[in-house]
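# Architecture and fold: a report
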Amino acid sequence: MAKTVENFARDVAPADTAGRLDAPAFHRNCEAILDVFSRHLGASSGAVLEIGSGTGQHCAALADALPNLTFWPTDPVAEHVSSIDAWAAETRSGNMQPATQLDCLEAPWQLGGESIADRSLKGLISINVIHIAPWEVAEAIIAGAGRHLQPAGLLMLYGPYKKNGRHTSESNAQFDLALRTRNPAFGVRDLEDITECAGRAGLKIIDEVAMPANNLTLVFARS
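The paragraphs below set out a description of the structure included in this document. (Residues numbered from 1 in each chain as written. Predicted model: local features only at pLDDT ≥ 70, side-chain atom pairs only at ≥ 80, totals over all residues. Heavy atoms only, no water.)

### Some remarks on the pattern of salt bridges
One pass over the structure, following the stated rule, counts 7 salt bridges. Here Asp 16 makes a salt bridge to Arg 20, at a shortest N to O gap of 2.7 Å. Asp 176 is paired through a salt bridge with Arg 180; the nearest N and O atoms lie 2.9 Å apart. Taken together, the positions of Asp 176 and Arg 180, both in helix α5 (residues 170–182) and 4 residues apart, correspond to about one turn of that helix. The buried category is assigned to Asp 176, whose relative accessible area is 7%. Counted as one network, the salt bridges with shared partners bring together Asp 16, Arg 20 and Glu 90. (Salt bridge = Lys/Arg side-chain N within 4 Å of Asp/Glu carboxyl O. Helix = DSSP H or I, 4+ residues; strand = E, 2+ residues; numbered from the N terminus. Buried < 20%, exposed > 50% of the residue type's maximum accessible area, 1.4 Å probe, protein only.)

Following this line, the structure appears as structure tokens:
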């Protein structure tokens, strides 16, 4: 199993007979994520790459909601890839591609056995990933967005963040402690560190959306 992210399959129920994992967090935040992602990408067409698709539930829901986009789910964990494909089988619009076992720290990034072309993606999304991975993963995701997004493409990151080095809630502080206890390389990231890293990749933040449970969706575009 790849060591760059947490295998959260241990935190969800065993896969059903179709191979689908079901994450409780998906049901809590799906509607809010669909709303903000649809607002920013709903009028678009093209390819959207997801880094760290996990169970595959978010990607499947987005594919159903945004049929003009083609979604490419990826995850470094083999068990997750199987679940992603099982959820993809249920998408109504058929615009969710087979999952790729991709470790974002390994270059070049590939889909379907071919390297992703520069400036070829309409969107790059990552939901609840960078706090359950080393900081190098966040850097790699943002750098990849800088390479692969079209001039009008968007990077969208969802999860908990600190602001000016401080947690925005006590629950986030407790969550951060639990993450770092599990793995010292994990943890809730500072919003300013993310925006600084994005700036080095030629991206600037254009929207910051408050989400349920003290999370944020950050939207970046080319500066």
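### Here's the deal with the side chain of Lys 122
Along the chain, Lys 122 falls in strand β5 (residues 121–127). For the buried residue Lys 122, which engages in no salt bridge, the nearest side chain bearing the opposite charge is Asp 207, 14 Å off. Sequence-distant contacts of Lys 122, that is, excluding residues within four places in its chain, are made with Leu 41, Ser 44, Ser 45, Gly 46, Ala 47, Leu 69, Leu 149, Gln 150, Ala 152, Gly 153 and Leu 154. (Lys, Arg positive; Asp, Glu negative; His and termini not counted. Contact = heavy atoms within 4.5 Å.)

### Considering unusual backbone geometry
A cis geometry characterises the amide bond from Ala 107 onward to Pro 108, with omega recorded as -5°. With respect to the helices and strands, the residue Pro 108 is situated in the loop between α3 (78–88) and β3 (110–111). With a phi angle near 55°, Asn 128 is a residue other than glycine that sits in the positive phi range. On the secondary structure map, Asn 128 appears in the loop between β5 and α4 (135–148). Residues other than glycine seldom take positive phi values, yet Ala 213 does so here, at roughly 60°. Within the secondary structure, Ala 213 sits in the loop between β9 (203–211) and β10 (215–222).

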